[in-house]
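Remarks on the overall topology
For reference, the chains in residue letters:
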Amino acid sequence: MSSGVQERTSGQQRTYGNWRLGRGAGLFGLGPAGTIAAFAVMVLSAVMLPVSTLAALITAVAGLLVLAPLAVRVHGRTGFQTLAARVAWWQARARRHHVYVSGVASRVTAAHQLPGVLARSEVYEVETGRSGVVAVVVVPQSRHYTVSLRCAPEGMDLVDQSVIDARVGHLASWLSALGREPHLVQAQITVETTPDPGTRLAAEVAATSRPDAPTLARQVLDEVVRSSPAGAATVDTRVSLTYTAPPGRTMSHEDVCREVAARLPNLHAGLTGATGAGIRPMAARSLAGVLRAAYDPAAAVDLARDPHLTPDWTHAGPVATREGWDAYRHDSAVSRTWCMTEAPRGAVDSRLFARLTDPDPQLLRKRVTMLYRPYSPAEAARLVESDKRDARFLAGKKHRPSARDLTDLAATEQAAQEEATGAGVTRFAVLVTATVASEQQLEEATGVIQARAGEARLTLRPMYGCQAAGFAAGLPAGVVLHTHATIPF
């Protein structure tokens, strides 16, 4: 998908849009590969016709049965993809892969390791000198290396609209620059909201107060701590960058981690204008604490009261999990993850996603994750030209093109013009995870998320059959979903 910006005139608010889902040119609802297969079936049937009419008819019917699932679309997925997802889920259940048990009752591991795609993950700490110690998460099976930054954005309250527009512009420039970042696979921005147990403010005041401070100042701070609401929400914003190992070079994990950490200062500087101050790299213990609290929200209160209870990476996982078709049970909570199937239509303003990321008191935790996969400049140039040709073909094959076809054609032409002037092209997706205490509360959580998605003009669907992977993708651990997919088409 690509995005564009509509400039403001006097008295008008700046708007954003021009997101589009690329569609390959094809006949009868088939993509390029399906169209080639359809022509092959027709040619084969014509070749069989002189031999036997029955053989030609059987060939045509067999080809139609094979191609029909490719033409049928179910919520943006072909029939083959839907059927393959069901088969993969049945096989996983038959092999008991949807159940995970760790610790002393486990046959697999005595430690509480992370489940699923993160089972083999490791953490290396690198001393950068300028940014301090940086933790790099390594996923060996995909050779991905992830570094995470914790941000403290200033929010939009009492902020001029011109300042907000400037921040959005800085973020757009930062995302565009990621397309020129060597070996970058994915950028991830996560906003996680949790109930504040009432100890965070007290701990912060105790850590930053000085014994020789004036008595009046200490009394004011003590009064603020006592009167602050314990039911307030905590908002945690994280940025994770995932790299792959350089191809053609034999490098150890430590060498790649040092190379990734060396690129952090430039990325840190580019992100400062978009989020304000308070950006700092996350250490290994901090990452382990985030994952421990995500898998077991009941432990979050103890971790907030005493940071020394934070486990290391090998014990940051849950005791047990059970993955369902549309939910994920993990230790003391149940979660459901949704993914975006359609971006907002039309132009939107800078406050569109505000309600989606705002805290909801009905939920134990809510995690909204934006996944970005930037194209390199060469790939972007080829992509926008290919999209423009496909959009012209789809609009031209109809006697009366629909309004959506014409709008899609205009969007591709605008994207091509913007890319030619230096704009970047980035694929993006949105994941939303809601965590509640029991399965009975899942329906209420679903209603809350659907209402927030409606306000954000997003179309969300549960990640059926892959709830565990979707849950892990929102964590700062470097899970790139498409590299772990079992359905290659």
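Before going into details, it helps to say that this report is about the structure given with it.

With that settled, consider the overall build of the chain. Counting its regular elements, the chain contains 15 helices and 17 strands. Taking 2.2 N^0.38 as the reference for a compact globule, 489 residues should give roughly 23 Å; the C-alpha atoms of the chain span a radius of gyration of 25 Å, in line with that estimate. Considered along the principal axes of its C-alpha atoms, the chain spans approximately 100 × 65 × 50 Å. Classification of the 489 residues of the chain by burial places 43% in the buried group. Partitioning the contacts of the chain with sequence separation of at least 6, the portion at a separation of at least 24 is 75%.

Moving on to the pairing of strand β16 (residues 426-436). Burial within β16 is extensive, with nine of its eleven residues counted as buried. Sheet topology places strand β14 (residues 333-342) next to β16; six bridges connect them, and they run antiparallel. Bridge assignment links Val334 to a residue of β16, and that residue is Val436. Two elements, strand β15 (residues 365-374) and β16, share ten bridges in a ladder whose sense is antiparallel. In the sheet register, Met370 faces β16, and the bridge partner there is Val430.

The end-to-end C-alpha distance of helix α14 (residues 442-455), which contains 14 residues, comes to 20 Å, matching closely the 20 Å that a straight helix rising 1.5 Å per residue would cover. Where α14 is concerned, the buried positions are Leu442, Ala445, Thr446, Val448, Ile449, Arg452 and Ala453. Across the axial projection of α14, the buried residues extend over an arc of 165 degrees, all falling on one side. Projecting away from the buried face of α14 at angles above 90 degrees are the exposed residues Glu443 and Gln450. Those residues of α14 that are buried are in contact with β14, α11 (354-357), β15, β16 and β17 (459-462). Positive backbone phi, at 60 degrees, marks Arg457, one or two positions downstream of α14.

The next subject is the side chain of Arg452. Examined against the element boundaries, Arg452 turns out to sit in helix α14. Discounting residues that sit within four places of it in the chain, Arg452 has contacts with Arg355, Leu356 and Asp360.

Cut-off values and rules
Residues numbered from 1 in each chain as written. Predicted model: local features only at pLDDT ≥ 70, side-chain atom pairs only at ≥ 80, totals over all residues. Heavy atoms only, no water. Helix = DSSP H or I, 4+ residues; strand = E, 2+ residues; numbered from the N terminus. Rg over C-alpha atoms; globule rule 2.2 N^0.38 Å. Buried < 20%, exposed > 50% of the residue type's maximum accessible area, 1.4 Å probe, protein only. Contact = heavy atoms within 4.5 Å. Pairing = 2+ DSSP bridges. Expected span 1.5 Å × (residues − 1). Arc of directions from axis to C-beta.

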